[in-house]
Amino acid sequence: MGGGQAGVNYSCCVSQPGADNVSRTAATLLALGSAEALEREGLGVQRLSELTGGDKGQLSRLLSTLADHGLVERDEETRVYRLGWALFTLAAGVGDQRLLALARPLISRLVDRLGERTSLSVLRGTDVLTLHSQASPRAVQTIGWVGRTVPAHCTSSGRALLFDHRRVDLLAVFGRPQLATMGPNGPPDVDTLHRRIVASRARGYTVVSEELEAGLVAAAAPVRDFRGRICGAVNVSGPKFRLGGARRLAPVGQAIKEVTDELSVLLGESGDL
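Residues numbered from 1 in each chain as written. Predicted model: local features only at pLDDT ≥ 70, side-chain atom pairs only at ≥ 80, totals over all residues. Heavy atoms only, no water.

Chemist: Give a description of the overall build of the protein chain that names residues and reports values.
Modeler: Across its full length, the protein chain holds 10 helices and eight strands. For the protein chain, the proportion of its 273 residues judged to be buried stands at 47%. In the protein chain, the share of contacts with a sequence separation of at least 24, taken over all contacts with a separation of at least 6, comes to 58%. Within the structure as shown, the protein chain displays about 13400 Å² of accessible surface, and the carbon and sulfur contribution to it stands at 52%. (Helix = DSSP H or I, 4+ residues; strand = E, 2+ residues; numbered from the N terminus. Buried < 20%, exposed > 50% of the residue type's maximum accessible area, 1.4 Å probe, protein only. Contact = heavy atoms within 4.5 Å. Areas by Shrake-Rupley, 256 points an atom, 1.4 Å probe, with all protein chains shown as cover.)

Chemist: Any details on the nonpolar core? Residues and values, ideally.
Modeler: Counting residues in hydrophobic clusters, the biggest one holds 29 residues, and the most contacted among them are Leu 99, Leu 120, Ile 256 and Leu 263. For this core, the secondary structure elements donating two or more residues are α5 (85-114), β3 (117-124), β4 (127-134), β7 (216-224), β8 (230-239) and α10 (250-270). Per element, the largest residue contribution to this core is eight residues, and it comes from α5. Residues Leu 32, Ala 37, Leu 62 and Leu 63 belong to the second largest nonpolar core, which totals 16 residues. (Core = buried A, V, L, I, M, F, W, Y, C linked by side-chain atoms within 4.5 Å.)

Chemist: Quick rundown of the pairing of β3? Include the residues and the values.
Modeler: β3 sits mainly inside the fold: six of its eight residues count as buried. Note that β3 and β8 share five bridges and pair antiparallel. Of the residues in β8, the one forming a bridge with Arg 117 is Ser 237. Of the strand pairs in this sheet, β3 and β4 are connected by seven bridges, and their pairing is antiparallel. Note on β4: the bridge partner recorded for Thr 118 is Gln 134. (Pairing = 2+ DSSP bridges.)

Chemist: I'd like a rundown of the pattern of salt bridges, residues and numbers included.
Modeler: A complete count under the given rule lists 17 salt bridges for this structure. The salt bridge partner of Asp 225 is Arg 227, with a shortest N-O separation of 2.7 Å. For the salt bridge of Lys 257 with Asp 261, the shortest nitrogen-to-oxygen distance reads 2.9 Å. Placement of the pair is Lys 257 and Asp 261 together in helix α10, with a separation of four residues, close to one helical turn. In this structure, a network of salt bridges that share partners links the residues Glu 36, Arg 40, Arg 47 and Glu 50. (Salt bridge = Lys/Arg side-chain N within 4 Å of Asp/Glu carboxyl O.)

Chemist: How would you explain the packing of aromatic side chains if you had to name every residue and give the values?
Modeler: Taken as a whole and assessed by the stated rule, the structure comprises zero aromatic pairs. Geometry around Tyr 205 places Arg 203 over its ring, the cationic atom sitting 5.4 Å from the centre. (Phe/Tyr/Trp six-rings, centres within 6.5 Å; stacked < 30°, edge-to-face > 60°. Lys NZ or Arg CZ within 6 Å of the ring centre and 35° of its normal.)

Remember that the coordinates give geometry; whether it matters functionally is a separate question.
Take a look at the structure:
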């Protein structure tokens, strides 16, 4: 979100005659997204006033309103302001929308080919958030999780989203070596999770069997943006009695990988994520 360099003056946004609240808000957010703000871990009202040329009283009221909406946050100890969670959520949503638009027809094609529920997910902390899910035409199928989250460590989509994570990265994400066991085959710790990720990475896709819950199996592959970074995952899930275990899921994983490779190319051509 970096919007400027240290020392840049944003007063042109608010010093013009008749400058409105929108201009003041824009100048304030740009200043809080600057390199100086990142280096200092936030800026105080005095410094923001110097950068934007705004009145300190008006600026304080504006910051209070922005904080109420989660667009900025205030450190109670240092009294500096930083960009807030809501702003980052909005920014992430821009990328998610482009990803979603390109993925939908490919997912539909995959459902037609495999006859199982197929979903598009992104990583949110230690969880996987489903952005889109297309149902299987079969009577018995897995549940759609659009807008809901599941743990990343014991799901195929989560493992695909964590493909590039080293062991030290996984420890940083989960904050502890032990992991909550969900299904009968779920990884009990970060070391086990890391070994499974490394094995999956070599194939280009991941398969899981009864890690989230008994009887549920799935396969997934990562989607990469124009920078080569993982920005999503496509997964296919279904009951074990129909899809079988990890070995029988291999052709499903390969089919998913073909789709995610195509989607990654499309994202690379668009350059929007």
